[in-house]
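This is what each chain is made of:
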Amino acid sequence: MDVGKTPHPGRGANFKHPKFGPVWATSGLGDERIDIIGTDPAKNKQHAWKVVQTLKGQSGGSLFIKTHPKSTNLWVDTALNPDPKISQSVAVFDIRDLSKPPQIIDIAACAKIADDGAKRVVQPEYNQKGDEVWFSVWSAKNKQSAIVVVDDKTRTCKTVLNDKRLITPTGKFNVWNTQHDVY
């Protein structure tokens, strides 16, 4: 199926769409498209395995998209975008009304990293309860990086894990969520 230019084959995000029922969403490296695909052939046969809606994200360069069953937010990174303003922020969509434009949150600013590293924001990852989203603020191995914890409900920065031992932090998967297919 056509899902835009260079989609990222990551896990994507599963949620219940207000109009199309159970869906899976994926973002892309090559363009700003976020494609939502129907996934319920039993109850929504007419929408199953088809792109039912396309959202416009910030730009290309997205690696990860995430939500949680207890959340109404859909978080989309753009870590590989060449524009620092875009690669250092994320787009957040309201699943209850996907016709609204996303809120853009400057996650790198929350990290308060003083040096000149890339500060690319990558991989939203929920905690088990679904009330926090953890982001890696990723810089080169000789530059400062961090992990920023965001309150999912308020979409505000809650805490920053900032330690010289955090070197290009990625792969911070929540083991509980991964084992139980919570994504």
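Above this text sits the structure in question.
Quick summary incoming for the structure in this document. Everything numeric in this text was worked out from a predicted model, so none of it was measured. Residue numbers run consecutively from 1 along every chain, following the written order of its sequence. It should be noted that, the model being predicted, local features are given only for residues of pLDDT at least 70 and side-chain atom pairs only at 80 or more, the latter also being counted only at that level, while totals for whole chains, interfaces and linings use all residues. Only hydrogens and water are removed before side-chain values are computed, so all heavy atoms of the structure are retained for them.

1. Describing the overall build of the protein
Operational definition: In DSSP terms, a helix is any run of H or I states spanning at least four residues, a strand is any run of E spanning at least two, and both are numbered starting from the N terminus. As a reference, a globule follows 2.2 Å times the number of residues to the power 0.38, and the radius of gyration itself is taken over C-alpha atoms. Each residue is assigned to one of three classes by its accessible area relative to the maximum for its type, calculated with a 1.4 Å probe on protein chains only: buried under 20%, partly exposed between the two thresholds, exposed over 50%. Any pair of residues with heavy atoms lying within 4.5 Å of one another is described as a contacting pair. Accessible surface area values rest on a Shrake-Rupley calculation with a 1.4 Å probe, where residue burial reflects the displayed protein chains alone. Charged-residue counts in this description rest on Lys and Arg as positive and Asp and Glu as negative, His and the chain ends being excluded. Positions of charges follow a simple convention, taking NZ of Lys, CZ of Arg, CG of Asp or CD of Glu.
Secondary structure assignment for the protein yields three helices and twelve strands. A globule of 183 residues ought to have a C-alpha radius of gyration of about 16 Å, and the protein, at 16 Å, matches this closely. Along the three orthogonal principal directions, the C-alpha set of the protein runs to about 50 × 35 × 25 Å. Residue burial in the protein is summarised as follows: out of 183 residues, 50% are buried. Pairs at least 24 residues apart make up 47% of the contacts formed inside the protein by residues separated by at least 6 positions. Of the roughly 9,400 Å² of accessible surface on the protein, 54% is carried by carbon and sulfur atoms. Of the side chains in the protein, 26 bear a positive and 19 a negative charge, and the two mean positions are spaced by 2 Å.

2. As for the sheet that holds strand β10 (residues 132-138)
For clarity, the cut-off: When DSSP finds at least two bridges between two strands, those strands are taken to pair. Angles here are taken between N-to-C directions and fall from 0 to 180 degrees, while the axes themselves are lines fitted to C-alpha atoms, restricted in helices to the stretch in contact.
Overall, antiparallel pairing links the four strands, which are arranged β9-β10-β11-β12 in an open sheet. Two strands bound the open sheet, and with one partner strand each, they are β9 (120-126) and β12 (156-161). Averaged over neighbouring strand pairs, the angle between their axes works out to 25° when direction is ignored. Of the strand pairs in this sheet, strand β11 (residues 146-151) and β12 are connected by five bridges, and their pairing is antiparallel. Along β12, the bridge assignment pairs V149 with T159.

3. Remarks on a nonpolar patch on the surface
The test is simple: Patch criteria: residues need more than 30% relative accessible area and no salt bridge. Like-charged residues are merged within 9 Å; nonpolar side chains of Val, Leu, Ile, Met, Phe, Trp and Tyr are merged within 5 Å. We define a salt bridge as a contact between a side-chain nitrogen of Lys or Arg and a carboxyl oxygen of Asp or Glu at a distance within 4 Å.
Where nonpolar side chains cluster on the molecular surface, the patch consists of M1, W49 and V51 and spans about 330 Å² of accessible area. Note that V51 resides in strand β4 (residues 51-56).

4. Topic: the side chain of S27
To be explicit about the condition: In protein, a polar contact requires one atom able to donate a hydrogen and another able to accept it; more generally it is a pair of N or O atoms within 3.5 Å, and residues adjacent in sequence count only if both atoms are side-chain atoms.
Summarising the element assignment, S27 is placed in the loop between β2 (21-26) and β3 (33-38). Since its relative accessible area comes to 4%, S27 is described here as buried. Among the polar contacts made by the side chain of S27, one reaches the side chain of S62 at a distance of 2.6 Å. If we ignore the near neighbours within four places in the chain, the residues touching S27 are P7, H8, R33, I34, S62, L63, F64, I65 and V76.

5. Here's the deal with the state of the cysteines
Where two cysteines share a covalent bond between their sulfur atoms, that bond is called a disulfide. Note the threshold: By disulfide we mean two sulfur atoms from cysteines, separated by a distance within 2.5 Å.
Tallied over the full model, the rule gives one disulfide. With a sulfur-sulfur separation of 1.8 Å, C110 is cross-linked through a disulfide to C157. Here the S-S torsion is close to 65°, and the disulfide linking C110 with C157 is therefore right-handed. Here C110 is found in helix α2 (residues 107-111), whereas its partner C157 is found in strand β12, with 47 residues between them in sequence. Relative accessible area serves as the criterion here: at 33%, C157 is assigned to the partly exposed category.

6. Structural notes on the environment of I65
For I65, the location among the structural elements is in strand β5 (residues 65-66). Exposure remark for I65: the relative accessible area of 5% places this residue in the buried category. Through-space distance from the C-alpha of I65 to that of I34 is 8.9 Å; in sequence the pair is 31 residues apart.

7. Let's talk about empty space enclosed by the protein
The criterion, for reference: Points on a 1 Å grid, built from protein atoms alone, make a cavity when a 1.4 Å probe fits but cannot get out and make a pocket when they are open with protein on both sides within 12 Å along at least 5 of 7 lines; residues with an atom within 4 Å of a point are the lining residues. Grid points are joined across faces, edges and corners, and a volume is the space filled by probe spheres set on the points. Residue polarity is assigned by list, with Asp, Glu, Lys and Arg as charged and Ala, Val, Leu, Ile, Met, Phe, Trp, Tyr, Cys and Pro as nonpolar; anything else, Gly included, falls into the polar class.
As enumerated under the stated definition, the model contains one cavity of 30 Å³ or more in all. Considered as a void within the structure, the largest cavity measures approximately 40 Å³ in volume. Among the residues forming the lining of the largest cavity, the class breakdown is two nonpolar, seven polar and four charged.

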